[in-house]
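Residue-level listing of the chains:
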Amino acid sequence: MRRELRGVLLALFLLPLLWGLITLARGASSDGVPECPGLQLGEDGESHPGPMRRGYTCAVSYSTATGRSTGTRTYDEQKYAQEQARSGLYWRGAGHVAYGTAGLLVLTATRLSRRTPR
C-alpha cells in the first residue's frame, strides 16, 4: 500500500512539473511577429496570407451566417493580445513548475528523514 501511495504522490507532483515545463516552452516559442488566427486583410481590403504587417487587419471572429467579420484587431492590438497570452503562459507554467518542484522536495525530504537513524 505504501508503494502505491508513493507512486500516486509522485505522479501528483511530476505531472504538473512536466506540464509546467511544456507551458513555459510554449510561451518561449510564441515570440515574434503577430500571427492572425483568422482572415487577414491588407490595406487594400484583400486577403493576405502569411505574417501580419502594420496596416493589416485581423478578423478574429467570423460569422458564418452573415459572412462578415464580427471582431477585428489591428497589428498593434494583435501584437498586444499575443503578448498577454504569452505572459499568461509564463505565469501558469511557473506556477505548475513551482507546485511540482515543491511537492517533490517535500516527498524527498520526508523520505530522507524516515531513513536517517535516530
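Please read these numbers as outputs of a predicted model, since none were measured by experiment.

## Here we look at the nonpolar core
Okay, step 1: Ranked by size, the top nonpolar core spans five residues in total: Cys36, Met52, Tyr56, Cys58 and Tyr75.
Okay, step 2: If we skip the residues at most four places from it in the chain, Cys58 touches Cys36, Pro37, Gly38, Leu39, Met52, Gly71, Thr72, Arg73 and Gln78.

## Quick notes on the packing of helix H1 (residues 2-29) against helix H2 (residues 75-115)
Okay, step 1: It is at 7 Å that the axes of H1 and H2 come closest, and there the two elements cross at 155°. On the basis of the axis angle, H1 is roughly antiparallel to H2. Along this stretch, H1 crosses H2, giving a crossing that reads as left-handed.
Okay, step 2: For the contact of H1 with H2, the residue count by class is 18 nonpolar, eight polar and seven charged.

## Here we look at the layout of surface pockets
Okay, step 1: By volume, the largest pocket is sized at about 390 Å³.
Okay, step 2: As for the largest pocket, its lining consists of 13 residues, and the residues nearest its centre are Arg6, Leu107, Thr110, Arg111 and Arg114.
Okay, step 3: Sorting the residues of the lining of the largest pocket by element identifies H1 and H2 as the ones contributing at least two each.
Okay, step 4: It is H2 that provides the largest number of residues to the lining of the largest pocket, a total of seven residues.
Okay, step 5: A per-class count over the lining of the largest pocket returns five nonpolar, three polar and five charged.

## Side note on the side chain of Thr23
Okay, step 1: Topologically, Thr23 is positioned in helix H1.
Okay, step 2: Ignoring sequence-local partners within four residues, the contact set of Thr23 consists of Leu89, Arg92 and Gly93.

## Digging into a nonpolar patch on the surface
Okay, step 1: Taken together, the side chains of Leu15, Leu18 and Leu21 present a nonpolar region at the surface, about 300 Å² in accessible area.
Okay, step 2: Here Leu18 shows up in helix H1.

## Remarks on the state of the cysteines
Okay, step 1: With the rule as written, the count across this model stands at one disulfide.
Okay, step 2: Residue Cys36 pairs covalently with Cys58 via a disulfide, S to S 2.0 Å. One disulfide, between Cys36 and Cys58, carries an S-S torsion of 90° and so falls in the right-handed class. Highlighted residues: Cys36 in the loop between H1 and strand E1 (39-41) and Cys58 in strand E2 (residues 57-63), separated in sequence by 22 residues. Just as Cys36 is buried, Cys58 falls in that class too.

Reading guide: rules and limits
- Residues numbered from 1 in each chain as written.
- Predicted model: local features only at pLDDT ≥ 70, side-chain atom pairs only at ≥ 80, totals over all residues.
- Heavy atoms only, no water.
- Core = buried A, V, L, I, M, F, W, Y, C linked by side-chain atoms within 4.5 Å.
- Buried < 20%, exposed > 50% of the residue type's maximum accessible area, 1.4 Å probe, protein only.
- Contact = heavy atoms within 4.5 Å.
- Axes fitted to C-alpha atoms, helices over the stretch in contact; angles between N-to-C directions.
- Helix = DSSP H or I, 4+ residues; strand = E, 2+ residues; numbered from the N terminus.
- Parallel < 35°, antiparallel > 145°, perpendicular 65-115°, else oblique.
- Left-handed = near helix turned anticlockwise from the far one by under 90°.
- Nonpolar A, V, L, I, M, F, W, Y, C, P; charged D, E, K, R; others polar.
- 1 Å grid on protein atoms, 1.4 Å probe; cavity = no way out; pocket = protein on both sides within 12 Å on 5 of 7 lines; lining within 4 Å.
- Points joined across faces, edges and corners; volume = space filled by probe spheres on them.
- Patch = residues over 30% accessible without salt bridge, like charges linked within 9 Å, V, L, I, M, F, W, Y side chains within 5 Å.
- Areas by Shrake-Rupley, 256 points an atom, 1.4 Å probe, with all protein chains shown as cover.
- Salt bridge = Lys/Arg side-chain N within 4 Å of Asp/Glu carboxyl O.
- Disulfide = S-S within 2.5 Å.

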